[in-house]
Amino acid sequence: MNELKDKHIFLTGAARGIGATCARQFVAAGAKVLLVDRDEATLFDLARELNAEAEVVIPQVLDITDRTAVNAAVDKMVATWGRVDALVNNAGITRDALTAKMTEEAWDAVINVNLKAPMICTQAVFPHMKEQQNGVILNASSVSALGNVGQANYAASKSGLIGMTKTWALEFARYNIRVNAVAPGFTNTEMVQAIPEEVKAKIVAKVPLRRLATTDEIAAVYRFLASDSAAFITGQVLYIDGGLTCGF
Ligand SMILES: NC(=O)c1ccc[n+]([C@@H]2O[C@H](COP(=O)([O-])OP(=O)(O)OC[C@H]3O[C@@H](n4cnc5c(N)ncnc54)[C@H](O)[C@@H]3O)[C@@H](O)[C@H]2O)c1
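Predicted model only: the values in this text are computed from it and were never measured.

Section: the overall build of the chain
- Each helix and strand counted, the chain has eight helices and seven strands in total.
- A globule of 248 residues ought to have a C-alpha radius of gyration of about 18 Å, and the chain, at 17 Å, matches this closely.
- Expressed along its principal axes, the backbone C-alpha trace of the chain runs to roughly 50 × 35 × 35 Å.
- Counting across all 248 residues of the chain, residues that qualify as buried make up 50%.
- Within the chain, residue pairs in contact and separated by at least 24 positions form 73% of the contacts whose partners lie at least 6 positions apart.
- When the accessible surface of the chain is split by element, carbon and sulfur atoms take 54% of a total near 11700 Å².
- The centroid of the 24 positive side-chain charges in the chain is displaced by 5 Å from the centroid of its 26 negative side-chain charges.

As structure tokens, this is what we get:
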């Protein structure tokens, strides 16, 4: 309880799935959260729920590929709360296709949202974290970073994020800014619910723990990494995958 007291967190992709569960857990742990998403209706519903007793979140509708909008949101956060203690680069999309059939639009869309936007958000928060001499940046990678049929764009973005995580850990350590990546296995969100049942059954059969992750199990790792309990952890990738990537 209260492990994130006095933490002010910029969370992307907050409206649903893993992001919405992170928002709930961060608030329950005492944080204030800028909820960023492009899905206005869902975002405002979540903000109403979380602000029921006290104003602890601010909903911010924007597209994270829009550098001007991201910079303005970070400025607003700092003007309101005085600091930005953590950035959680959670928003991500898929546009799956076998490589022979993958369109340039599908490639660009995934790379822009999953890889370029975390760079934009990180560049926006970095000057504030540097001035504070304190900060945490968490990136949403995936087991697909290791390769997955039909996901050349997504796998490239998620393994690219691991490279960025380790680079930022090295570049930012002198300012006491920690950077880590969370790599979930298949998690029970809308992104995964869209997969046909027979395909999902084959996926689950490959997981040593024989089930999908819950969003709470993934959010708990973000919550820990954002907290001071993780003060000596930087440059790491935590696979939260029920053992899927073991045995190679
Ligand atoms: N669900 C899984 O099994 C799984 C596994 C590994 C990694 N991940 C990663 O975890 C993260 C969250 O996954 P999820 O399943 O909760 O996703 P989701 O699709 O349920 O939610 C993603 C959220 O991001 C928002 N978003 C997308 N593009 C945006 C943009 N350009 N600007 C602002 N907001 C945008 C969406 O509106 C949505 O609310 C993603 O990065 C995903 O790649 C998910």
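Remarks on helix α2 (residues 40–50)
- Buried within α2 we find Leu43, Leu46, Ala47 and Leu50. For α2, the angular spread of the buried residues around the axis is 100°, confining them to a single face. Exposed and oriented more than 90 degrees from the buried face of α2 are Ala41 and Arg48.
- Looking at the packing, one finds that the buried side of α2 touches α1 (17–28), β2 (32–37) and β3 (57–61).

Things to note about the environment of Phe10
- As for its placement among the helices and strands, Phe10 is situated in strand β1 (residues 8–12).
- The spatial distance from the C-alpha of Phe10 to the C-alpha of Ile58 is 9.8 Å, given a sequence separation of 48 residues.
- With sequence-adjacent residues up to four places away left out, Phe10 is seen in contact with Leu34, Val36, Ala73, Val74, Met77, Val84, Ala86, Leu87, Val88 and Cys121.

Examining the site of the ligand
- Around the ligand, 28 residues are found, and the nearest of them are Arg16, Asp37, Asn90, Tyr154 and Thr189.
- Interatomic distance of 2.9 Å between a side-chain N/O atom of Asp63 and a nitrogen atom of the ligand.
- At a separation of 2.7 Å, an oxygen atom of the ligand approaches a polar backbone atom of Asn90.
- About the coverage of the ligand: the protein hides 96% of its 840 Å² of free accessible area.
- Elements represented by at least two residues in the shell around the ligand include exactly α1, α5 (152–172) and α6 (190–193).
- For the shell around the ligand, a count of residues per class yields 13 nonpolar, nine polar and six charged.

Topic: the side chain of Thr12
- Following the sequence through the fold, Thr12 ends up in strand β1.
- Those residues in contact with Thr12 that lie beyond four places of it in its chain are Val36, Ile64, Val88, Asn89, Asn90, Ala91 and Cys121.

Digging into the packing of helix α4 (residues 104–132) against α5
- Contact geometry of α4 with α5 gives a least axis separation of 8 Å together with a crossing angle of 15°. Considered as vectors, α4 and α5 are oriented roughly parallel to each other. Two packed elements cross with a definite hand, and for α4 against α5 that hand is right-handed. Only Ala152, Asn153, Tyr154, Ala156, Ser157, Lys158, Gly160, Leu161, Met164, Trp168 and Phe172 of α5 make contact with α4, whose side of the interface consists of Ala106, Trp107, Val110, Ile111, Asn114, Leu115, Pro118, Met119, Thr122 and Phe126.

Regarding the sheet that holds strand β7 (residues 237–240)
- Strand order in the open sheet made by the seven strands is β3-β2-β1-β4-β5-β6-β7, with parallel pairing throughout. On the outer flanks of this sheet lie β3 and β7, each paired with one strand and no other. On average, each strand axis in the sheet is tilted by 15° relative to the strand beside it, whichever way the strands run.
- Relative to strand β6 (residues 177–184), strand β5 (residues 135–140) runs parallel, the two sharing six bridges. Its bridge partner being in β6, Gly135 is matched across the sheet by Ile177.
- On the sheet, α4 packs against β1, β4 (86–89), β5 and β6 and is oriented at approximately 175° with respect to β4.

Thoughts on the pattern of salt bridges
- The final tally for this structure, using the stated rule, is 10 salt bridges.
- The residue Asp63 makes a salt bridge to Arg38 at a minimum N-O spacing of 4.0 Å. Here Arg38 lies in the loop between β2 and α2 and Asp63 lies in the loop between β3 and α3 (67–81), a separation of 25 residues in the sequence.
- Of the residues examined, Asp63 reaches a relative accessible area of 29% and is grouped as partly exposed.

So, the packing of aromatic side chains
- The tally for this structure, following the rule as stated, stands at three aromatic pairs.
- Residues Phe126 and Phe172 carry aromatic rings whose centres are separated by 4.5 Å and whose planes lie at 20° to one another, so their mutual orientation is stacked. Taken as a pair, Phe126 in helix α4 and Phe172 in helix α5 lie far apart in primary sequence, 46 residues in all.
- By relative accessible area, Phe172 is classed as buried at 7%.
- Geometrically, the ring pair formed by Phe126 and Tyr175 is edge-to-face, given 5.6 Å between the ring centres and 65° between the ring planes. Of this pair, Phe126 sits in helix α4 while Tyr175 sits in the loop between α5 and β6, and the two are 49 residues apart along the sequence.
- Here a set of aromatic residues connected by ring pairs shows up, and it is made of Phe126, Trp168, Phe172 and Tyr175.

Cut-offs applied
- Residues numbered from 1 in each chain as written.
- Predicted model: local features only at pLDDT ≥ 70, side-chain atom pairs only at ≥ 80, totals over all residues.
- Heavy atoms only, no water.
- Helix = DSSP H or I, 4+ residues; strand = E, 2+ residues; numbered from the N terminus.
- Rg over C-alpha atoms; globule rule 2.2 N^0.38 Å.
- Buried < 20%, exposed > 50% of the residue type's maximum accessible area, 1.4 Å probe, protein only.
- Contact = heavy atoms within 4.5 Å.
- Areas by Shrake-Rupley, 256 points an atom, 1.4 Å probe, with all protein chains shown as cover.
- Lys, Arg positive; Asp, Glu negative; His and termini not counted.
- Charge placed at Lys NZ, Arg CZ, Asp CG, Glu CD.
- Arc of directions from axis to C-beta.
- Near = heavy atom within 4 Å.
- Polar contact = N/O pair within 3.5 Å; in protein donor to acceptor, adjacent residues only side chain to side chain.
- Nonpolar A, V, L, I, M, F, W, Y, C, P; charged D, E, K, R; others polar.
- Axes fitted to C-alpha atoms, helices over the stretch in contact; angles between N-to-C directions.
- Parallel < 35°, antiparallel > 145°, perpendicular 65-115°, else oblique.
- Left-handed = near helix turned anticlockwise from the far one by under 90°.
- Pairing = 2+ DSSP bridges.
- Salt bridge = Lys/Arg side-chain N within 4 Å of Asp/Glu carboxyl O.
- Phe/Tyr/Trp six-rings, centres within 6.5 Å; stacked < 30°, edge-to-face > 60°.

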